[in-house]
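# Structural overview
Letter by letter, the chains look like this.
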Amino acid sequence: MNKVLVTGGTGYIGSHTVVKLLSAGMEVLVLDNLSNSSKEVVGRIEKLSGKSLQFFEGDIRDRALLRSIFERHSCNSVIHFAGLKAVGESEEQPLKYFDNNVAGSIVLFEEMIRARIHTLIFSSSATVYGDPGYACYQESTPLSPMNTYGRTKLMVEDILRDLKKANPEMQIALLRYFNPVGAHESGDIGEHPFGVPNNLMPFISQVAVGTREKLMIYGGDYSTPDGTGLRDYIHVEDLGAGHLAALHSLSENNSLITVNLGTGHPYSVLDMVHAFEKASGKKIPYEIIGRRPGDLPEYYADPALAKKVLGWEAKLGIDRMCADTWRWQQQNPQGYS
Ligand code: NAD
Ligand code: WQD
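Read on for an overview of the structure. (Residues numbered from 1 in each chain as written. Chains lettered and ligands numbered in written order. Predicted model: local features only at pLDDT ≥ 70, side-chain atom pairs only at ≥ 80, totals over all residues. Heavy atoms only, no water.)

### Section: the pattern of salt bridges
Evaluation of the coordinates by the stated rule reveals 25 salt bridges. A salt bridge links Glu-191 to Lys-85; the shortest N-O distance between them is 3.4 Å. With Glu-191 in the loop between strand E8 (179-181) and helix H7 (200-209) and Lys-85 in the loop between strand E4 (77-80) and helix H4 (87-92), this residue pair connects regions lying 106 residues apart in the sequence. For the salt bridge of Lys-283 with Glu-277, the shortest nitrogen-to-oxygen distance reads 3.5 Å. Accessibility expressed as a relative area gives 66% for Lys-283, which makes it exposed. Exposure remark for Glu-277: the relative accessible area of 14% places this residue in the buried category. Within the structure, one salt-bridge network assembled from shared partners comprises Arg-63, Arg-67, Glu-110 and Glu-111. (Salt bridge = Lys/Arg side-chain N within 4 Å of Asp/Glu carboxyl O. Helix = DSSP H or I, 4+ residues; strand = E, 2+ residues; numbered from the N terminus. Buried < 20%, exposed > 50% of the residue type's maximum accessible area, 1.4 Å probe, protein only.)

### Quick notes on the sheet that holds strand E7 (residues 171-177)
Ordered in space as E3-E2-E1-E4-E5-E7-E12, the seven strands form an open sheet in which the pairing is parallel. Two strands in the sheet have a free side with no partner beyond their single neighbour: strand E3 (54-57) and strand E12 (256-261). Here the average twist between neighbouring strands, direction ignored, is 15°. Pairing of E4 with strand E5 (residues 119-125), which is carried by four bridges, proceeds in the parallel orientation. Pairing of Val-78 across the sheet is with Leu-120, part of E5. Against the sheet, helix H3 (residues 63-72) contacts strand E1 (3-7), strand E2 (27-32), E3 and E4, and its axis sits at roughly 170° relative to E2. Contacts from helix H5 (residues 94-114) reach E1, E4 and E5, with the element oriented near 175° to E4. (Pairing = 2+ DSSP bridges. Axes fitted to C-alpha atoms, helices over the stretch in contact; angles between N-to-C directions. Contact = heavy atoms within 4.5 Å.)

### Here's the deal with helix H2 (residues 40-49)
The complete set of buried residues in H2 reads Val-41, Val-42, Arg-44, Ile-45 and Ser-49. Along the axis of H2, the buried positions cluster into a sector of 165°, meaning they face one direction only. Of the surrounding elements, those touching the buried residues of H2 are helix H1 (12-23), E3 and helix H11 (318-331). Looking one or two residues beyond H2, the residue adopting positive phi is Gly-50, at roughly 70°. (Arc of directions from axis to C-beta.)

### With respect to the packing of aromatic side chains
Tallied over the full model, the rule gives six aromatic pairs. Seen from their ring centres, Tyr-137 and Phe-178 are 6.4 Å apart, and the 55° between their planes marks the pair as tilted. With Tyr-137 in strand E6 (residues 136-137) and Phe-178 in the loop between E7 and E8, this pair connects stretches of sequence that are 41 residues apart. According to the relative accessible area criterion, Tyr-137 is buried, its value standing at 1%. Classification of Phe-178 as buried rests on a relative accessible area of 5%. Against the face of Phe-203 rests Arg-212, its NZ or CZ located 5.8 Å from the ring centre. (Phe/Tyr/Trp six-rings, centres within 6.5 Å; stacked < 30°, edge-to-face > 60°. Lys NZ or Arg CZ within 6 Å of the ring centre and 35° of its normal.)

### Observations regarding the nonpolar core
In this structure, Val-6, Leu-53 and Leu-261 are the most contacted members of the largest nonpolar core, which totals 40 residues. Of all elements in the fold, only E1, H1, E2, H2, E7, helix H8 (236-252), E12 and helix H10 (304-310) reach the threshold of two or more residues within this core. Among residues more than four places away in sequence, those in contact with Leu-261 are Leu-175, Arg-176, Tyr-177, Phe-178, Ile-234, Leu-239, Gly-242, His-243, Ala-306, Leu-310 and Trp-312. Ranked by size, the runner-up nonpolar core spans 26 residues in total, among them Leu-5, Val-102, Leu-108 and Leu-160. (Core = buried A, V, L, I, M, F, W, Y, C linked by side-chain atoms within 4.5 Å.)

### Some details on the packing of H7 against H11
Where H7 contacts H11, the axes come no closer than 10 Å and their chain directions differ by 55°. Between H7 and H11, the interaxial angle falls into the category oblique. When the axes of H7 and H11 are compared, the crossing they make is right-handed. Facing Met-201, Pro-202, Ser-205, Gln-206, Ala-208 and Val-209 of H7, the residues of H11 in contact are Met-321, Cys-322, Thr-325, Trp-326, Gln-329 and Gln-330. In terms of residue class, the contact of H7 with H11 is built from seven nonpolar, five polar and no charged. (Parallel < 35°, antiparallel > 145°, perpendicular 65-115°, else oblique. Left-handed = near helix turned anticlockwise from the far one by under 90°. Nonpolar A, V, L, I, M, F, W, Y, C, P; charged D, E, K, R; others polar.)

As C-alpha cells, this is what we get:
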C-alpha cells in the first residue's frame, strides 16, 4: 500500500489533500509543527475521510524526529507542504524564511535519501516566475522571483533539480500553484489565517461574516478591464486532486515533472467581490486604495502541460470557490479555535 508522509498536512492545502489521499485508500502520516495550523484539523480530516491518520507534532528541521519516523514507518513517498508563506514577513525576516523553507527542506531531503524514499511532491508557487513582462505563464517562462518568499521556493526547486541529476532514481514533481482559494464542500475544513489575512479571499470572507469592516482593494488604476488586479484563483479541492494525479504520474514515470496548477482563467478583485456577494447574499463594503508594493497587474497559468503530463485540469469555477469558502466561514467564524 502507498504510505505517504505529508509535511504541513494540517495546513490549508495539506488538509484538503490528506482527505483525498485517505479517501483514495492511502496510509497517511502527517508532520506539522502547528506554526500556522491547529491540531483540531486532524479530527476533522478523519471525520471527512472516515479513516485515521498518524499525526506527529514536530518540525521538518528536527532530523532525529524525521529519522525515527522513517525508521519506524515504511513510507514510499513524501508530499512536502510545510513552509512559511507570508510575502511581507519574508522580506522583514529573510533568515527565518531561508531557515524554515530552505534549510528545513534540506534536512527533509537528506533524511528521505537516507531512508531510500525516492518519490517527492514539492509545493512550489507561481511566485517563482516574477515579472516576465507578460501575463500568461508557461513552465518555460523565465524564473525570477521578486521577493524572499519566492526565492526560497526557487532555491528548493533548484536543489531538487540538482538532486534529481545526482539521484536519477528519484521521482519528483514540482507543482507551481497559482492562487488557492475555496474549502471542502462540507464546510468542515478551510483556510483561517492567524491574524489579519494577507490574501484576498480570506479577507473578503471575514468581511462577509462581520469580523472585518471593509475590504481594502489595492489599486483601481491597473490597465485591466475594471482597473483591479487579475489572478488565477484555483479551488483547493482541484489542487488536492492535482497532487493525487502527480503521485499517480510519478509512479509510472521515473522523472522530474514541473507543472503549473491553475485554471487558466483570470478574475479581477472586483469579480471576486461580486461572486462572493452572490454566494453569501452579503454586501462586501470596500474601498479602493493605493497599489500594494510588489503586486503585478495580471498573471495566470497556462495549464496545458498539467493536462498533458498529469491528465489533470481544474474543474471548479468561481461560484463554487466562493460558495465553499462562505460555507466554511459561516460554520467556523473563528476558524478552528
Ligand atoms: P499553510 O500555512 O496553511 O500550511 C503550511 C503548514 O506547514 C502549516 O500547517 C504549518 O504549521 C506547517 N509548517 C510550516 N513550517 C513548518 C516546519 N518547519 N515544520 C513543520 N511544519 C511546518 O499554507 P498552505 O496555504 O497550505 O501552503 C502549503 C504550501 O504551499 C506552502 O509550502 C506554501 O508556500 C505553498 N503555496 C501556497 C500558496 C497559497 O497561496 N496558499 C500558493 C503557492 C504555494
Ligand atoms: C490577490 C489580488 C491583490 C488582499 C500571493 C503570494 C503568492 C501566492 C499566493 C504563495 C491582488 C488583491 C489582496 C487585499 C486586495 N502565495 N488584494 N486586497 O498577491 O496574487 O499572491 O498569494 O505562494 O506568492 O504573493 O494573492 O490574495 O494577496 O492578492 O485588493 O486585502 O487581490 O492586490 O490583486 P497574490 P493575494
